[in-house]
2 protein chains.
Amino acid sequence: MMEEKIRSVKEEGNMGQGQAQENTEISFPYLIESLQNHELDQFRHEFMTLHSYDQAQFFLKVDKGLRTVIYQFLSPEEMADIFENIEIDEEDYQSILTEMDLEYASSMLANMYADDAVDVLNELEKEQVATYLTIMDEEAAEEIKELLHYEEYTAGSIMTTEFVAISANQTVRSAMFILKNEAPNAETIYYVYVVDEERRLAGVISLRDLIVSDDETMIHEIMYSKVVSVSVGEDQEAVAKKMKDYNFLAVPVVDFQNHLLGIITVDDIIDVLDEEASDDYSKLAGVTDMDTVDRNPFSAAKKRLPWLIVLLFLGMFTASLIGRFEDTLNKVAILAVFIPLIGGMSGNTGTQALAVVVRGIATGDLEKESKWKLVAREAGTGIITGTCCGLLVSVIVYVWQGSIYLGMLVGFSIVASLFVATLAGALVPLLMHKLKIDPAVASGPFITTINDIISVLIYFGMATIFMDYLI
Amino acid sequence: MMEEKIRSVKEEGNMGQGQAQENTEISFPYLIESLQNHELDQFRHEFMTLHSYDQAQFFLKVDKGLRTVIYQFLSPEEMADIFENIEIDEEDYQSILTEMDLEYASSMLANMYADDAVDVLNELEKEQVATYLTIMDEEAAEEIKELLHYEEYTAGSIMTTEFVAISANQTVRSAMFILKNEAPNAETIYYVYVVDEERRLAGVISLRDLIVSDDETMIHEIMYSKVVSVSVGEDQEAVAKKMKDYNFLAVPVVDFQNHLLGIITVDDIIDVLDEEASDDYSKLAGVTDMDTVDRNPFSAAKKRLPWLIVLLFLGMFTASLIGRFEDTLNKVAILAVFIPLIGGMSGNTGTQALAVVVRGIATGDLEKESKWKLVAREAGTGIITGTCCGLLVSVIVYVWQGSIYLGMLVGFSIVASLFVATLAGALVPLLMHKLKIDPAVASGPFITTINDIISVLIYFGMATIFMDYLI
């Protein structure tokens, strides 16, 4: 997946002129025409010079009829390259695979890198998976079955078993010979892993080091024996962080006895980082799943309504709380005017604190310092922002409404609300992290609504106590 | 930066036992002791087996006194490896560099990969940069000066000039010979770029292909001539997307005449993706900058207050709008009870729509479909979610307050607010994107507050019109 992919779509005529490299939006009228006319040679002549990512883009653009022609024109091996570059919905995988005949689809899956094949199979029905695995070449089926066992989001679920492993007791020359032979099948040949007789990870050496070394040097003399590896059950986010910190192109995956099971390559890690960032982002916004673009308003609404309904009931609870202060409201109706201001401000500060803590946990930046120090700092931040905003509001309300007591009431409510909201925004995700719940679940809207409730209680509570000054 | 970095910190004794690979949190009492006792050999013996990322972690953990000893124990070249792995604040770069003597610091900077040296220099005062560049080895200074010219966030600003370029008219054997010589200085040797006599990009070939090819094969026979490249002024986010799509380990950077200027490696792209995700996330939450963890509440408050003050004035505007309905409120105080519910719900739906559109623009998923289709779909989503929530609210309010008119008023306000809020949440970022403003600037709190205002107008407007039914 990392390799053999440096060709691309830039037209050769363009090359000399050196135009800006905009090739994401290509129109393929010629390719479509040759498909429509069933001109095999013409199609392959043009199509096979494209990068497999662009081949995939083309494949996804044409309709079912033309796709069927493509299956006739391309071998399962060639189709496998394309499929490794495809990211579509569950149902789409299902329907595209059933377009192919069983033999073709099985052979294609067997020819994909095992980790990519597993990604596709995970989207299918169990019976369908079983069918493909029975028909498939036995060796490939075994490899895939092994990977299918690993739990989602673990290192095992994203690793591939197509790597190069050598023993320490050989020369650079013989290692290079092995490399040349395995290059067509390995997902990367740029890191070569050294294992002992029991396939335990003993070292690692980069192709760069192999190339600059003398042919007769022994591998154990030049390999690094302090290998950084990840365990097979490790969370994919932790793996991604490790690869990012160490700038690795690949990392080995081992079991608890240090047996080398597979490797994870940097391209898969980029996808993980992207997924996790999208996930945190969508939770902050209160949308269940933003991985795929919705095709119609119903599927979009389905993802958003669960959050909205929960928030609606929380909002109703807030309403019932304010309802208890109806007497206060009847006497001083002007109080209602400042409800959105106080609620909004505390919601915003809460979201800010939440975002800082959630992101800090995600990037690992917060691991380095004590939790209490963090909470103390957030409390301090809440007092500072609260005091600044509270003073400002007091003055504005006093000037506007001419009542110093109302100004003080609204101002002090802001101070207290912002302090509590900031603290809550920081504490809730920390607590969830402690309880091993994904802190991002404490989404923005949720914290906002909780803080709404708290701020309303503070505001009307104080208004009721100091009622005499307000009338 | 990508290479020579596969060593690590796992202790050798641990290796055989095959323990879980937790090596991010290492204690270095032995290293610290040898620094304190000025034992050069002992320190180097242990320290030089560490991965440079772990060396950097150690370096950042010790105090100034011990750091000064490290400068005596390590050559500027060795220090350069460590510095490439350091990510700290502006002021910290400044103070650490001034700890070193001028010669040492200049030599270290000259030995870093040019793109990393530029990252550091960008954090310093102009005079300080000029001093280092004057003292430095001339060739390195020239390289760095060139890179310093490129605008931040462009391909030019993150590229490096340490790549391997060859001509098409040579054999694989001679290309491998060049590679072996350039390997120690190049940032990656896994992609080799082919240029013509005028250094225009003509092709690319991977080290994998070189290795499996016959020694006497000519480069132009096996190179890919349809190279995907990026132009030097291209936005780094677009570069990252391209590398992610094509699974590249490196991408060439060219000027408008297709001259090869540099390359961008995948490790830098991971940093870009991370930065951009953090950026979008922090804007959704209304925090100016979450790149670095704040050390005290004042610096944290400084980042959050600007947003809060803007939102405070918007909130005041909302308050003044409600103030205009004081008569209505005086007559029907119960109306105030539902203000947070309606405002909160419309804020939440607006944020959802905003997040979907902003993320869609960032990932490029939305580029593929028409904007009008998107707006129509969001409008549909707003009607569906609005109707569902509105009906639910009507029933609850009717049961709770016993007034069918109040139930209808609140329910219909929800329908209208959610529709408008969803549409606004989608339209605002689209409009900003059209106007070439970063759509993420239309942050969550901003959209929330705007929608607060709209919903209040709808709610009280309708309440005033239908007042007779409510009393």
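Residues numbered from 1 in each chain as written. Chains lettered and ligands numbered in written order. Predicted model: local features only at pLDDT ≥ 70, side-chain atom pairs only at ≥ 80, totals over all residues. Heavy atoms only, no water.

Caption draft 1: Inspection of the pattern of salt bridges at higher detail. Enumeration according to the criterion identifies 24 salt bridges over all chains in this entry. Of the charged contacts in the structure, one is a salt bridge between B:Arg173 and B:Glu216, with a shortest N-O distance of 2.5 Å. With B:Arg173 in helix 13 (residues 172–182) and B:Glu216 in the loop between helix 14 (207–212) and helix 15 (219–222), this pair connects stretches of sequence that are 43 residues apart. For B:Arg173, a relative accessible area of 47% translates into the label partly exposed. Overall, the relative accessible area of 45% leaves B:Glu216 in the partly exposed class. One continuous salt-bridge network, built from bridges that share partners, spans A:Arg173, A:Asp215 and A:Glu216. (Salt bridge = Lys/Arg side-chain N within 4 Å of Asp/Glu carboxyl O. Helix = DSSP H or I, 4+ residues; strand = E, 2+ residues; numbered from the N terminus. Buried < 20%, exposed > 50% of the residue type's maximum accessible area, 1.4 Å probe, protein only.)

Caption draft 2: Spatial organisation of the UniProt feature "transmembrane region" (unreviewed entry) in chain A. Mapped onto this numbering, the UniProt entry annotates "transmembrane region" (unreviewed entry) at residues 305–322, 334–358, 379–400, 406–432 and 444–467 of chain A. Within residues 406–432 of chain A, the helical portion is 100% and the strand portion 0%, while the C-alpha atoms at the span's ends are 38 Å from each other. (UniProt positions renumbered as here; feature names shortened; annotations may be inferred.)

Caption draft 3: The nonpolar core, seen in detail. Residues A:Met79, A:Phe83, A:Leu207, B:Met79, B:Phe83 and B:Leu207 are the most contacted members of the largest nonpolar core, which totals 194 residues. With 76 residues, the next largest nonpolar core counts A:Leu314, A:Leu329, A:Leu406 and B:Leu406 among its residues. (Core = buried A, V, L, I, M, F, W, Y, C linked by side-chain atoms within 4.5 Å.)

Caption draft 4: View of the pairing of strand 3 (residues 201–206) of chain B. All names here are of chain B. With respect to burial, strand 3 is a largely interior element, 5 of its 6 residues being buried. Both strand 2 (residues 191–195) and strand 3 contribute to a ladder of 5 bridges, which runs antiparallel. In the sheet register, Val194 faces strand 3, and the bridge partner there is Gly203. In this antiparallel pair of consecutive strands, strand 2 and strand 3, the connection spans 5 residues, and Arg199 shows a positive phi of 60°. (Pairing = 2+ DSSP bridges.)

Caption draft 5: View of the confidence of the model for chain A. Predicted confidence across chain A gives a mean pLDDT of 84, with 90% of residues reaching 70 or more. The model gives residues 1–25 of chain A a pLDDT under 50, and that stretch makes 92 contacts with residues more than four places away or in other chains. (pLDDT = per-residue confidence, 0-100. Contact = heavy atoms within 4.5 Å.)

Caption draft 6: Spotlight on the sheet that holds strand 3 (residues 201–206) of chain A. With mixed pairing, 3 strands are arranged side by side in an open sheet as 1-2-3 (chain A). Edge positions in the sheet fall to strand 1 (165–166) and strand 3 of chain A, since each of these pairs with one other strand and no more.

Caption draft 7: Main features of the side chain of A:Glu378. Inspection of the secondary structure assignment puts A:Glu378 in helix 21 (residues 371–401). Since its relative accessible area comes to 1%, A:Glu378 is described here as buried.

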